[in-house]
Amino acid sequence: MTVRHDGLTVDWLGYATLRIEGDDTVVYFDPGRYGTLTGEWEPDTPGVGHPPAQEYDARDGDVVCVTHIHHYDSDGVERVAKDDATVVAFEGIDVTDSDRDLTPIDELPYEVIEVGMEDELVVDDVPIMTVPAYNDPDGKNVNPDGTPIHPEGIGCGFVASVDDTSVFWTGDSDALDGHEELDASLFVPSISQSYTMDRHDAADLAEAMDPDLVLPIHYNTFAALEGDSGAFAEDVAKRGVPVVLDER
């Protein structure tokens with residue numbers, strides 16, 4: 001399914017991969033991982049609700065945004081990026097922190113811009129703002145030793161404006177103070193049961209932000225990311241906020 005919103009064409013390709021197309025510009029968020037673009041589950045991935053679609057190799061992206069190491073897939077970037085694309089990646093991505101075979105960000109064959117948690121820039125006529133993305137140390141998304149799964153400083157979220165329509169992708173984050181003040185026409189939250197804000201927190205944030213449309217992603221890739229999208233959509237709609245699901 002393709003979502004059309006305020007002149008944009010928006011596709012959730014699975015996991016955290018989102019494609020946004022305007023009149024002359026294509027922007028991707030977090031392309032790849034778990035077979036999202038290869039058409040096959042990665043080894044030992046216990047897939048649940050969203051099996052990979054057919055192999056994807058569009059190479060049409062003008063701007064590719066990467067929130068953090070868990071969502072960085074160098075093969076995925078190369079499958080979506082044009083030869084002259086710009087990759088906007090969180091500055092803390094270190095491939096040595098992963099056991100996957102990844103090309104270091106600064107060795108990708110594209111212009112690469114590294115960003116922090118609260119930066120503003122314009123890339124290929126696309127205004128981009130980064131926002132904090134992490135797990136609250138006092139929240140539910142913590143390791144057995146009590147440390148956050150996503151500590152502050154591991155990554156960021158993105159607000160990108162394509163053809164003057166702003167899109168907010170939260171990245172792997174709890175709902176944090178300040179998120180509710182963001183001005184986004186399209187709000188794209190995670191609604192998984194683990195690692196990020198769940199559907200209840202995402203619905204609360206949607207009500208506080210009051211965007212023109214909500215499109216949840218980052219759920220049902222594997223068991224730990226299970227999320228009840230129907231219940232989320234019903235909850236958000238009851239709060240008077242437009243919501244849509246993009247599901248295969």
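You'll find the structure just up there.
Residues numbered from 1 in each chain as written. Predicted model: local features only at pLDDT ≥ 70, side-chain atom pairs only at ≥ 80, totals over all residues. Heavy atoms only, no water.

(A) A look at the layout of surface pockets. In this model, the largest pocket occupies a volume close to 300 Å³. Lining the largest pocket are 17 residues, with Tyr 15, Arg 33, Tyr 34, His 70 and His 150 sitting closest to its centre. Tallied by class, residues from the lining of the largest pocket come to 8 nonpolar, 4 polar and 5 charged. (1 Å grid on protein atoms, 1.4 Å probe; cavity = no way out; pocket = protein on both sides within 12 Å on 5 of 7 lines; lining within 4 Å. Points joined across faces, edges and corners; volume = space filled by probe spheres on them. Nonpolar A, V, L, I, M, F, W, Y, C, P; charged D, E, K, R; others polar.)

(B) Layout of helix α3 (residues 229–238). For α3, the full list of buried residues reads Ser 229, Ala 231, Phe 232, Ala 233, Asp 235 and Val 236. If you follow the buried residues of α3, they end up packed against α2 (199–209) and β13 (213–214). Phi turns positive, to about 85°, at Gly 240, one or two residues after α3. (Buried < 20%, exposed > 50% of the residue type's maximum accessible area, 1.4 Å probe, protein only. Helix = DSSP H or I, 4+ residues; strand = E, 2+ residues; numbered from the N terminus. Contact = heavy atoms within 4.5 Å.)

(C) Structural view of the packing of α2 against α3. Where α2 meets α3, the axes come as close as 10 Å, and the angle between the chain directions of the two elements is 25°. It follows that α2 is roughly parallel to α3 by the angle criterion. Here α2 and α3 pass one another in a crossing that is right-handed. Between α2 and α3, the residues in contact are Arg 199, Ala 202 and Ala 203 and Ala 231, Phe 232, Asp 235 and Val 236, respectively. (Axes fitted to C-alpha atoms, helices over the stretch in contact; angles between N-to-C directions. Parallel < 35°, antiparallel > 145°, perpendicular 65-115°, else oblique. Left-handed = near helix turned anticlockwise from the far one by under 90°.)

(D) Layout of the packing of aromatic side chains. This model, assessed by the stated rule, comprises 6 aromatic pairs. When the ring of Tyr 15 is compared with that of Tyr 34, the centres are 4.8 Å apart and the planes differ by 80°; the resulting orientation is edge-to-face. Of the two residues, Tyr 15 is situated in the loop between β2 (8–14) and β3 (17–21) and Tyr 34 in the loop between β4 (26–29) and β5 (61–66); the sequence distance between them amounts to 19 residues. For Tyr 34, a relative accessible area of 15% gives the class buried. Considering the side-chain rings of Tyr 28 and Tyr 56, the 6.4 Å spacing of their centres and the 70° angle between planes classify their relative orientation as edge-to-face. With Tyr 28 in strand β4 and Tyr 56 in the loop between β4 and β5, this pair connects stretches of sequence that are 28 residues apart. Like Tyr 28, the residue Tyr 56 is buried in the burial classification. Three or more aromatic residues joined by ring pairs make a cluster, and in this case those are Tyr 15, Tyr 34 and Phe 222. (Phe/Tyr/Trp six-rings, centres within 6.5 Å; stacked < 30°, edge-to-face > 60°.)

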